[in-house]
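Residue-level structural notes
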Amino acid sequence: MDPHYDAQDVARCDLCEVAIVQSYCDLCHVNLCKPCIGEHISDDYTKHTIVPFQQRRSTPIYPTCGKHPKKACEYQCKDCNVFLCTHCLASDQHNKEHKLLNLEEVFNEKKDTIKRDKEEIKQLLPAYEDIATEIENQVANLDVDYKKLTTEMSKHREELHQKIDNAMNQKETEIGDIKTKHHVILIEKLNEIKESQSLMRERLHALNEMDESNEVTPTIHYSSKNQEFSKLPPKVHVSMPKFIPKPIEKEELCSFTGKLTPLSTAMEERVFTAQKPNTSVRELLDEPEVLNTIKTRHEYLRSVTCLNEEEIWTSGLTADIKCFNTQGVLQKTIKTKSGKFFPYDIAVYSDGALVYSDPSTRTVYKVRNDQTEEIIRLKGWAHANLCVTSSGDLLVTMFSNDKTQSKVVRYSGSTVKQTIQFDDDGQPLYSGNSKTKYITENRNLDICVADFGAGAVVVVNQAGKLRFRYTGHSSSTKKEPFHPIGITTDSQSRFLTSDCKNHCIHVLDVDGHFLRYIDNCGLKCPDGLCVDNNDSLFVCEYLRGNVKKIRYSK
């Protein structure tokens, strides 16, 4: 549970320790109730700054003037780089032609810089985590890759029989040496990245302390050092050696058994693209409203997806995938590759290509310009739901043949980039008793799964680390247990998940805290969801076969 939401006692006055705090001395850092304010300032009123408790730690603490100890410095001489009070300026002790800076303005500018640097490091850290994970996966796969290499060599060894054993053993020794070098290269790069991550976390900790501090002097002297982190570590390319067999005569055994390509290392520059902050704020409406109802005539409508505000794709328990405009006019119908089996889920790439999963063949297909191509085919696992990420990757939920395990796999084209299955304690993130696990990605690049079998929304960050689980909201009007089905996110990184049995939509904030229900739109068994660029919500009604377009934010 989030400690911010634990039960807490109210803040009490530090003097009487009984009354509820109402004010705060921003110089002494003391909680005060109204009766105790007089006692606190009785010694010297000028030494205290009393503010409302909600505005505590908002008053800058200016440095004391070295020449006038009873005065605080409010200016800085740009030429001399010294702090000055008003008495210094009124006297003739300082050159009046020097340029003066207002400390409050400089302080506020530096505070803004600190906040920006904090956000920049927060955005950089996930990139470093991804790079570290990438190299860790390379290290983990070294044994497998090199095992394939030695297997190829063993086949050639069988052809040459016993007489080439000594020569082949010599080559295996060379492989071991190359593998050691390969391992050393990767570990060195990984250690460099982890050292940078550690420095960034230390920097972020220091910035947090400075951000929370009201000390003007260290804040004024703060200088951003984020530039050293902005350039991401180069991508490591270490090419695998190859075994090239060659037919030889017996007497030339050692020289002609073949050769291994040398280990080579190349660095590829990475470019970090900071995610653009969402500057527009859209508040929730008091009463969501249905803008339109689209009758799809699907049998058991399950999925809806959209690329823009003009058209949506829908699918149900038939082989037809239908495209409608937002007025409800059918634009196009395509059939699954088999022509018989229904798609388990659908999604749309940024270029308009449709992608769907076919459970009958355990295959994911992409459809562009009426041409269908196979992009993923599975063995040992079956895929279920999917979504397209902002980077163009494909996130796919999967379950094992015995339906005891589930995982999320990220694909770039047909290449596996990431697998998410367990938390830091080695426990499964997702239930294995249900294959229904709709998935989406929000603007923070969090990966969000509506786990029907677990009765929970499970959210991990881009690196696959668990952020939170949402298991429903206590309500006297919602009688059935919470079992989320569809899930989507909007421009505010809010999560919206359908609660089919309670005929409503749960709206959560970016950290998984319940905000409200959408339960006034006559929804019946809501299933798949999607949100367009204007934050209009499209909801599948499973039994009715309708898609409702709902406006829920301003």
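Residues numbered from 1 in each chain as written. Predicted model: local features only at pLDDT ≥ 70, side-chain atom pairs only at ≥ 80, totals over all residues. Heavy atoms only, no water.

This part is about the overall build of the chain. On a plain count of helices and strands, the chain comes out with six helices and 34 strands. Based on the C-alpha atoms only, the size of the chain along its principal axes is roughly 100 × 75 × 45 Å. The long-range share in the chain, meaning contacts at least 24 apart out of those at least 6 apart in sequence, stands at 51%. Accessible surface, the chain: about 29600 Å² in total, of which carbon and sulfur atoms supply 48%. Between the averaged position of the 73 positive side-chain charges in the chain and that of its 80 negative side-chain charges there is a distance of 5 Å. (Helix = DSSP H or I, 4+ residues; strand = E, 2+ residues; numbered from the N terminus. Contact = heavy atoms within 4.5 Å. Areas by Shrake-Rupley, 256 points an atom, 1.4 Å probe, with all protein chains shown as cover. Lys, Arg positive; Asp, Glu negative; His and termini not counted. Charge placed at Lys NZ, Arg CZ, Asp CG, Glu CD.)

Attention now goes to a negative patch on the surface. The grouping of E74, E104, E105, E109 and D112 at the surface amounts to a negative patch. Within the secondary structure layout, E105 lies in helix α3 (residues 103-160). (Patch = residues over 30% accessible without salt bridge, like charges linked within 9 Å, V, L, I, M, F, W, Y side chains within 5 Å. Salt bridge = Lys/Arg side-chain N within 4 Å of Asp/Glu carboxyl O.)

In this section: the environment of L125. Here L125 shows up in helix α3. C-alpha separation for the pair L125 and S198, spaced 73 residues apart in sequence, amounts to 9.9 Å. If sequence neighbours within four positions are ignored, L125 has contacts with Q197, M200, R201 and L204.

All right, on to the side chain of D490 then. Within the fold, D490 resides in the loop between β28 (484-489) and β29 (495-499). Among the polar contacts made by the side chain of D490, one reaches the main-chain amide nitrogen of Q492 at a distance of 3.0 Å. Side chain to side chain, D490 and Y552 meet in a polar contact 2.8 Å long. Contact partners of D490, with chain neighbours within four places excluded, come to R443, L496, V531, D535 and Y552. (Polar contact = N/O pair within 3.5 Å; in protein donor to acceptor, adjacent residues only side chain to side chain.)

Take the packing of aromatic side chains next. A complete count under the given rule lists six aromatic pairs for this structure. Here the aromatic rings of Y470 and F482 are separated by 5.4 Å at their centres, their planes lie at 75 degrees, and the arrangement is edge-to-face. A residue pair is termed long-range when its members are at least 10 positions apart, and Y470 in strand β27 (residues 466-470) and F482 in the loop between β27 and β28 qualify at 12 residues. Neither residue differs from the other here; Y470 and F482 are each classed as buried. Taking NZ or CZ as reference, R302 lies 4.4 Å from the ring centre of Y344, over its face. Across the ring face of Y517, the terminal group of K478 is positioned such that the distance to the ring centre comes to 4.4 Å. (Phe/Tyr/Trp six-rings, centres within 6.5 Å; stacked < 30°, edge-to-face > 60°. Buried < 20%, exposed > 50% of the residue type's maximum accessible area, 1.4 Å probe, protein only. Lys NZ or Arg CZ within 6 Å of the ring centre and 35° of its normal.)

So, on to the confidence of the model for the chain. Residue-level pLDDT values for the chain average 86, and 92% of them are 70 or greater. Note on residues 1-8: pLDDT is under 50 here. Beyond four places in sequence and across chains, it has four contacts. (pLDDT = per-residue confidence, 0-100.)

Next up on the list: helix α1 (residues 34-41). One turn of the α-helix equals 3.6 residues, which is why residues spaced by three or four share an orientation. Taken together, the buried positions of α1 are C36, I37, H40 and I41. Angular distribution of buried residues about the axis of α1 spans 125 degrees; they occupy a single face of the element. Seen from the buried face of α1, the exposed residues on the opposite side, beyond 90 degrees, are P35 and E39. Buried residues in α1 make contact with β1 (23-25), β2 (30-32) and β3 (50-52). (Arc of directions from axis to C-beta.)

Counting buried positions over the five residues of strand β24 (residues 437-441) gives five, a clear majority of the element. Taking every second residue as pointing to the same face, both faces of β24 are buried, with K437, I439 and E441 on one and Y438 and T440 on the other. Note: β24 against strand β25 (residues 447-451), five bridges, orientation antiparallel. Residue T440 lies in a different strand from β25, and its bridge partner there is C448. Hairpin geometry of β24 and β25 is characterised by an intervening segment of five residues between the two adjacent antiparallel strands and by a positive phi of about 70 degrees at L445. (Pairing = 2+ DSSP bridges.)

Mapped onto the elements of the fold, I505 is located in strand β30 (residues 504-508). As for I505 and E202, which are separated by 303 residues in sequence, their C-alpha atoms are 41 Å apart. I505 has contacts with L496, T497, S498, R516, Y517, I518, L523, P526, L529 and V539, leaving out every residue within four places of it along the chain.

Here is the key point about a regular strand: its side chains alternate between the two faces of the sheet. Along β30, five of the five residues are buried, which leaves the element largely enclosed by surrounding structure. The two faces of β30 match: C504, H506 and L508 on one face and I505 and V507 on the other face are all buried. Strand direction decides the pairing type here: β29 and β30, joined by five bridges, are antiparallel. From the neighbouring strand, F495 faces β30, where its bridge partner is L508. Relative to strand β31 (residues 514-518), β30 runs antiparallel, the two being bridged by four bridges. Looking across to β31, one finds that L508 is bridged to F514.

Across all of its chains, the model carries 24 salt bridges by this definition. A salt bridge links R551 to E289, with the nearest nitrogen and oxygen atoms 2.4 Å apart. Of this pair, R551 sits in strand β34 (residues 546-553) while E289 sits in strand β11 (residues 284-295); the two residues are 262 residues apart in sequence, bridging distant segments of the chain. Ionic contacts of the salt-bridge type, sharing partners, join the residues K115, K118 and D211 into one network.

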